[in-house]
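Structural characterization, general
Here is how the chains run, residue by residue.
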Amino acid sequence: MSSNLITKYSDTEIRGLLYHARKGDATALATLERRACAGHVNAQRYLGVYWFRTKEPERAVACWCAAFPHGCRWSRYYYGKALYLGRGIAKTAFGRCVSGGF
């Protein structure tokens, strides 16, 4: 991965998009999703944060997993938090996480 994907957009700008997306701005959410799909690691992380706080936390897990190969420690943290809380992760009938290997 080229380093310019990490620095192309400032972290402050990405956080601003997250803030406006949470306030209901569809354009900000679309921009955040577009940048995450283009491979911007911080956009993937913050988009995951956005989806984790909605009724679709499984989309958050997908965003964080996309950032794993690029060394995003925060995405690993949030993924662990999702596992711990049991949100966005498929579970068996016994309440255990399928992907967790417990």
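Residues numbered from 1 in each chain as written. Predicted model: local features only at pLDDT ≥ 70, side-chain atom pairs only at ≥ 80, totals over all residues. Heavy atoms only, no water.

**Here we look at the confidence of the model for the protein chain**
Confidence in the prediction for the protein chain averages 81 pLDDT; 77% of positions are at 70 or higher. When mean pLDDT is taken per element in the protein chain, helix α3 (residues 26–37) scores highest with 94 and helix α1 (residues 4–7) scores lowest with 43. Contacts for the low-pLDDT stretch residues 1–8, under 50 throughout, to residues beyond four places or in other chains number 11 contacts. (pLDDT = per-residue confidence, 0-100. Helix = DSSP H or I, 4+ residues; strand = E, 2+ residues; numbered from the N terminus. Contact = heavy atoms within 4.5 Å.)

**Digging into the state of the cysteines**
As enumerated under the stated definition, the model contains zero disulfides in all. We note that Cys65 lacks a disulfide partner, and the nearest cysteine sulfur, in Cys63, lies 9.4 Å from it. (Disulfide = S-S within 2.5 Å.)

**What about the pattern of salt bridges?**
Counting across every chain of the model gives five salt bridges. The salt bridge partner of Arg45 is Asp11, with a shortest N-O separation of 3.9 Å. Note that Arg45 is positioned in helix α4 (residues 41–52) and Asp11 in helix α2 (residues 11–22), a separation of 34 residues in sequence. Its relative accessible area of 10% is what places Arg45 among the buried residues. (Salt bridge = Lys/Arg side-chain N within 4 Å of Asp/Glu carboxyl O. Buried < 20%, exposed > 50% of the residue type's maximum accessible area, 1.4 Å probe, protein only.)

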